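Spelled out from the first residue to the last, the chains are:
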Amino acid sequence: MKEFVKRYNIAFPLNKLNENNCQIFSEKRKKFSLEANPFKSLSAGNDLFIKVDPSSSSNDPSLSSSSQSVDDHSKQDSEGENKENSSNNEEEDKMRKKLEGMDSQSLLKLLRTSLAEAEEHAKKGRLRASVATFESILKFAPTEMNSLHHLGEIWSFAGKHEKAADYYEKGANAHPDMIEFHIGLGNEYFELKEYEKSVRVLQTALNMVKESDKELLNRLQLAMGKAMYKIKTGNTSDVGANIIQKLFQQNENNPDVLIEFAGILEDKGRIRDTIQVLLKIITLRPDDPKLKKMFGRIMRNDKKSIEYLEAEFTVSTKTATALIYIATMIKNEGAVEAAGHFYAKATNFVPNNVAFRLNYVHNLEVLNQSNEAVQSILDFCAKNPTMKVGGLPCSHISKVMEGIKDVSQPDKVRELAAGRTIADLKYEPISEDVEFSPEELDLLALFFTLIKILYGIGCLELVSLYIQLIQPVRGERKLHLTSIRNEHAYYLSIKDLMKHTILPIPFEYPRIYVVGDSHSMSAGWKVITVKEQKYLMQPLLATGVKCWHLRPQSNFYPKNNFYNVLKSIPNGSQVIFLFGEIDCREGLLVAVEKLKYKELSEGIKETVNIYIDVLVKVQRKKKLSVYVHPIVPVLNETRSTVKLFNEEMKNSLKERAPQLKYLDFFEQLLNEEGGLNPDYALDGTHLNPLYVRLIE
């Protein structure tokens with residue numbers, strides 16, 4: 001009975017039991033006397049029932065103190081609120097009102113309901129709401145086990161390891177026999193680089209494990225080995241390495257052990273062996289984040305890594321698919337040059353695989369090798385002339401650019417393209433009721449990407465021809481719901497922008513470069529007049545770049561794209577930078593919800609600081625005249641965030657980097673009601689090019 005009551009009180013601290021008030025009954029409601037040891041008459045599978053005397057339970061001093069804490073907290077709340085997080089206070093107020101006047105059974109029911117509510121928030125990614133609910137429970141039941149453990153997990157996921165450690169430590173102190181708290185605390189100390197503490201706590205957990213529980217024993221030994229390996233005093237690091245190596249010898253198919261073993265090999269400079277282990281992990285757990293990070297780091301930093309990886313493959317159709325997977329993985333970790341090598345190898349071996357080619361072309365875009373990307377698309381079409389999508393064959397794509405081998409000089413391309421039409425390029429578009437296969441969608445995406453690249457280069461005569469050729473295939477299909485929605489979105493924007501473009505483009509005018517995400521296209525190839533001098537605005541597209549991607553610790557490939565684009569800008573140029581809209585649309589609010597920041601203003605400030613720091617360095621290195629474009633307020637859903645971001649950016653530039661000029665025309669983009677001025681609307685996502693007059 002003592003053990004049962006002990007475990008029950010750990011699980012349900014709001015409704016603690018007193019063993020003196022509990023009675024045991026059999027399935028037939030027969031009362032047992034513990035003194036007579038009645039359990040000899042029981043068989044496996046028999047049920048026992050615990051009955052609690054409610055009148056006695058209500059006098060339980062632990063429950064009484066819990067009720068007292070409610071009253072005390074109520075006083076504190078009436079005297080002053082925590083202004084940092086009003087949502088938490090709201091949850092506490094709700095909880096306090098519910099608790100008033102409740103008996104112990106009702107309290108228990110409420111606890112279960114609140115826990116279920118908090119867990120449901122967590123499952124759906126509503127971490128702030130989940131934390132608020134769990135913390136409100138702890139206000140009135142400070143040692144409630146589930147809340148402490150869940151809060152440790154949530155803050156660990158959010159990367160707030162000090163907070164996670166705090167909750168795990170509270171849990172370990174309140175529930176010392178619950179091994180999960182010790183494991184969690186040891187892991188958080190590891191993340192905080194407090195390796196000695198990690199070892200001590202994990203040793204406590206190890207002492208609690210039964211030898212028969214091999215899986216948990218191995219997991220804790222691995223955690224111990226990891227922490228000890230990081231301690232570089234005495235021989236502790238060697239002991240840690242030996243633990244990991246021993247676990248590897250016991251089971252060469254445990255991906256957790258393999259990733260740590262690979263790390264040791266990498267530290268010793270055994271890069272070829274490291275790659276072999278990483279390839280083994282791919283077969284066991286291909287989406288492991290540590291695997292991807294290590295593979296990317298090696299392929300970025302080791303000059304022989306490409307040679308070592310190639311030595312592990314005999315090229316075939318099967319290995320070509322594996323190469324594409326590895327190329328995509330290391331590309332996402334910033335090893336874009338190495339990824340390009342393997343994309344090229346796979347596409348050369350399987351020249352009719354359009355998915356391979358599309359991946360390769362997108363990688364060339366990241367490298368800002370636009371001419372090479374165009375030639376790769378044309379090469380695919382030449383090798384697969386009869387491949388079709390919606391009735392449009394690849395041979396027609398090749399025909400439009402017949403005789404044009406280099407698109408790097410758009411003025412010369414214009415001369416070669418003069419007089420060309422698509423009149424002879426007939427085909428019968430298939431019904432829009434027919435769905436495209438994955439291969440057909442990829443082929444259409446390849447065509448869309450060709451248009452996007454040509455627009456960025458300035459070959460607009462060719463863009464016009466390709467739009468005429470491809471539009472019947474696109475028709476009114478809902479391609480925004482397919483796997484090629486990104487390529488399709490660029491196509492639609494360019495199609496609309498071409499309606500506002502006057503040809504021929506005056507390439508003879510001096511340039512103002514507009515470096516940005518897709519919003520840079522709206523100002524692209526437009527002419528503005530500044531102090532009686534006409535300038536041609538040339539777009540330099542860095543696809544999908546967020547300000548957040550530019551932080552020093554990031555290796556995500558859009559950052560690589562950003563710096564490759566900058567290489568094409570002559571020193572001393574005038575440059576407008578236009579980034580931040582994607583941060584406002586899909587970065588900041590998500591980060592706040594995932595607890596990366598306490599509130600939106602904190603996230604905006606940090607993101608603006610990252611952006612300004614990068615622009616200052618770029619301006620100094622290339623001696624540029626830098627202008628910072630306000631984020632465009634096109635989307636109703638994000639306009640309030642955009643306004644806050646622009647205000648922070650404007651003020652920070654003035655205070656921190658006055659040499660960078662903020663283009664202060666944001667308010668002119670709005671109407672009297674604070675929405676987007678309809679004169680500047682285009683496609684619901686981007687600005688109409690008419691807005692460029694505000695830049696002058």
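Just above sits the structure.
All values reported here derive from a predicted model rather than from experimental measurement.

Student: Honestly, the nonpolar core in this entry has me stumped. Any pointers?
Tutor: Phe295, Met401, Leu454, Leu462 and Tyr466 are the most contacted members of the largest nonpolar core, which totals 105 residues. The element best represented in this core is helix H23 (residues 438–457), accounting for 13 residues. With residues up to four places along the chain from it excluded, the contact list for Tyr466 reads Leu378, Ile397, Val400, Met401, Leu450, Ile451 and Leu454. Judged by nonpolar contacts, the second largest core, of 61 residues, contains Leu540, Leu624, Tyr680 and Leu687.

Student: Explanation requested: the packing of helix H14 (residues 271–284) against helix H15 (residues 289–301) in the structure shown.
Tutor: Packed helices, taken two at a time, are described by their axes: the angle between them and the distance between them. Running from amino to carboxyl end, H14 crosses H15 at an angle of 145°, the nearest separation of the two axes being 11 Å. Considering only the axes of H14 and H15, their crossing is left-handed. Together, Ile271, Thr274, Ile275, Leu278, Leu279, Ile281 and Ile282 of H14 and Leu291, Met294, Phe295 and Ile298 of H15 make up the contact between the two elements.

Student: What am I meant to see in the environment of Tyr597 here?
Tutor: Looking at where Tyr597 falls in the secondary structure, it is placed in the loop between helix H28 (581–593) and helix H29 (600–622). Placed 437 residues apart in sequence, Tyr597 and Lys160 show a C-alpha to C-alpha distance of 9.8 Å. Residue contacts for Tyr597: discarding those within four places in its chain leaves Arg128, Trp548, Ala591, Val592, Glu602, Gly603, Glu606 and Thr607.

Student: What am I meant to see in the environment of Val374 here?
Tutor: Here Val374 lies in helix H20 (residues 370–383). A sequence separation of 10 residues divides Val374 from Leu364, and the C-alpha atoms of the two residues are 9.4 Å apart. Among all residues touching Val374, those that are not within four sequence positions of it are Met401, Val407, Leu450, Ile453, Leu454 and Ile457.

Student: Mind showing me how you'd approach the pattern of salt bridges here?
Tutor: Two side chains that carry opposite charge are able to pair once their charged atoms sit near each other. Applying the stated criterion to the full structure yields 22 salt bridges. Across the pair Arg285 and Asp256 runs a salt bridge whose closest N-O atoms are separated by 2.8 Å. Note that Arg285 is positioned in the loop between H14 and H15 and Asp256 in helix H13 (residues 255–267), a separation of 29 residues in sequence. The class of Arg285 is partly exposed, set by a relative accessible area of 30%. Here Asp256 falls in the partly exposed class, since its relative accessible area comes to 35%. Taking the shortest distance from any N to any O, the salt bridge between Arg270 and Asp273 comes out at 3.0 Å. Taking relative accessible area as the criterion, Asp273 reaches 27% and is therefore assigned partly exposed. Linked through salt bridges whose partners overlap, the residues forming this network are Lys546, Glu581, Arg585 and Glu586.

Quick notes on the rules
- All residue numbers refer to positions counted from 1 along the written sequence of the respective chain.
- In keeping with the model being predicted, local features are shown solely for residues with a pLDDT of at least 70 and side-chain atom pairs are shown and tallied solely at 80 or more, while totals for entire chains, interfaces and linings include all residues.
- Excluding hydrogens and water, the side-chain values take into account all heavy atoms of the structure.
- Only buried Ala, Val, Leu, Ile, Met, Phe, Trp, Tyr and Cys residues count toward a nonpolar core, and they belong to the same one when joined by side-chain atoms within 4.5 Å.
- Using a 1.4 Å probe on the protein chains alone, a residue whose accessible area is under 20% of its type maximum counts as buried, one over 50% counts as exposed, and one in between counts as partly exposed.
- Counting from the N terminus, the helices are DSSP H or I runs at least four residues long and the strands are E runs at least two residues long.
- Should any heavy atoms of two residues lie within 4.5 Å, those residues are considered in contact.
- To define axes, lines are fitted to C-alpha atoms, for helices over the stretch in contact only, and angles between the resulting N-to-C directions are given on a 0 to 180 degree scale.
- Two helices cross in a left-handed way if the nearer one is turned anticlockwise from the farther one by less than a right angle. They cross in a right-handed way if the turn is clockwise.
- When a carboxyl oxygen of Asp or Glu lies within 4 Å of a side-chain nitrogen of Lys or Arg, that pair is called a salt bridge.

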